[in-house]
Amino acid sequence: MNRLITSAALVVLLALGGGTAAIAMPPPPPPPHGPPPPHWPPHPYQPNIQFGIQFGGGGYDYYDDQDYCVSGNAIYNHLHRMGYRYLHLVDDNDDTLTYTGKLGSKRYWLEVDACSGELLDRHRI
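This is a predicted model, so every value here is computed, not measured.

### A few points about the overall build of the protein chain
Reasoning step 1: Counting its secondary structure elements, the protein chain contains two helices and four strands.
Reasoning step 2: Tracing the protein chain from N to C terminus, the helices and strands come up as α-α-β-β-β-β.
Reasoning step 3: The 125 residues of the protein chain split such that 12% are buried.
Reasoning step 4: A sequence separation of at least 24 residues applies to 23% of the contacts in the protein chain between residues at least 6 apart.
Reasoning step 5: When the accessible surface of the protein chain is split by element, carbon and sulfur atoms take 60% of a total near 11100 Å².

Printed below as a string of structure tokens:
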């Protein structure tokens, strides 16, 4: 009989204690709005995992062996950005391009490198 009373009392105490603890706990604080205060620890970095396959040794660049030149459109646009207007392509040989164009009120004969777009020579017409 003592065991029955002791176990019943224990069940009642646990039920009441757990119930009052759940009722007595304050609600959790609302989430913060805006940036976190400076005393918060920063977020840990996410791991960066990469997979890949590489053939051959390093140090070789395929594009170093290629001879790339800027396009005629890029050269035209570069001259236009320099201030030349009314540009006309007069001659196109392998090494140079020859344009006529107007800079302000003066007309010029422009010789441009066909690959780099560099202005090589300029003569006033």
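Further notes follow.
### Concerning the sheet that holds strand 4 (residues 119-124)
Reasoning step 1: Spatial strand order, 1-2-3-4: four strands in an open sheet with antiparallel pairing. On the outer flanks of this sheet lie strand 1 (85-92) and strand 4, each paired with one strand and no other. Averaged over neighbouring strand pairs, the angle between their axes works out to 25° when direction is ignored.
Reasoning step 2: Where strand 1 meets strand 2 (residues 96-103), five bridges bridge the pair, whose relative direction is antiparallel. Residue pairing across strands places Leu89 opposite Tyr99, the latter belonging to strand 2.
Reasoning step 3: In this fold helix 2 (residues 72-81) packs onto strand 1, strand 2, strand 3 (106-113) and strand 4, with an angle of close to 30° to the strand it touches most, strand 2.

### Overview of the state of the cysteines
Two cysteines, two sulfur atoms, one covalent bond between them: this is a disulfide.
Reasoning step 1: The tally for this structure, following the rule as stated, stands at one disulfide.
Reasoning step 2: Note on cysteine connectivity: Cys69 is disulfide-linked to Cys115, with sulfurs 1.9 Å apart. Judged by the sign of its S-S torsion, about -85°, the cystine formed by Cys69 and Cys115 is left-handed. Of the two residues, Cys69 sits in the loop between helix 1 (2-24) and helix 2 while Cys115 sits in the loop between strand 3 and strand 4, which places them 46 residues apart along the sequence.
Reasoning step 3: Exposure remark for Cys115: the relative accessible area of 27% places this residue in the partly exposed category.

### Section: unusual backbone geometry
Reasoning step 1: In the Ramachandran plot, Tyr86 falls in the positive-phi region, its phi being about 55° despite a non-glycine side chain.
Reasoning step 2: When you line up the elements, Tyr86 lands in strand 1.
Reasoning step 3: On the basis of relative accessible area, Tyr86 is assigned to the exposed category, the value being 60%.

### Examining the environment of Leu79
Reasoning step 1: Here Leu79 is to be found in helix 2.
Reasoning step 2: By relative accessible area, Leu79 is classed as buried at 1%.
Reasoning step 3: A sequence separation of 40 residues divides Leu79 from Leu119, and the C-alpha atoms of the two residues are 8.6 Å apart.
Reasoning step 4: Filtering out sequence-adjacent residues up to four positions away, Leu79 remains in contact with Tyr84, Leu87, Tyr99, Leu110, Val112 and Leu119.

### Observations regarding a negative patch on the surface
Reasoning step 1: A cluster of acidic residues, Asp91, Asp92, Asp94 and Asp95, forms a negative patch at the surface.
Reasoning step 2: Tracing the chain through its elements places Asp95 in the loop between strand 1 and strand 2.
Reasoning step 3: By relative accessible area, which is 58% here, Asp95 ends up exposed.

### A look at the pairing of strand 4
Reasoning step 1: Alignment of strand 3 against strand 4, held across five bridges, turns out to be antiparallel. Across the sheet, the residue bridging to Trp109 is His123, located in strand 4.
Reasoning step 2: Where strand 3 hands over to strand 4, the hairpin turn is made up of five residues, of which Gly117 adopts a positive phi near 85°.

### Quick word on the confidence of the model for the protein chain
Reasoning step 1: For the protein chain, the mean per-residue pLDDT works out to 75, and 57% of the residues sit at or above 70.
Reasoning step 2: No element of the protein chain has a lower mean pLDDT than helix 1, at 62, and none a higher one than strand 3, at 94.

Rules behind the numbers
- Residues numbered from 1 in each chain as written.
- Predicted model: local features only at pLDDT ≥ 70, side-chain atom pairs only at ≥ 80, totals over all residues.
- Heavy atoms only, no water.
- Helix = DSSP H or I, 4+ residues; strand = E, 2+ residues; numbered from the N terminus.
- Buried < 20%, exposed > 50% of the residue type's maximum accessible area, 1.4 Å probe, protein only.
- Contact = heavy atoms within 4.5 Å.
- Areas by Shrake-Rupley, 256 points an atom, 1.4 Å probe, with all protein chains shown as cover.
- Pairing = 2+ DSSP bridges.
- Axes fitted to C-alpha atoms, helices over the stretch in contact; angles between N-to-C directions.
- Disulfide = S-S within 2.5 Å.
- Patch = residues over 30% accessible without salt bridge, like charges linked within 9 Å, V, L, I, M, F, W, Y side chains within 5 Å.
- Salt bridge = Lys/Arg side-chain N within 4 Å of Asp/Glu carboxyl O.
- Lys, Arg positive; Asp, Glu negative; His and termini not counted.
- Charge placed at Lys NZ, Arg CZ, Asp CG, Glu CD.
- pLDDT = per-residue confidence, 0-100.

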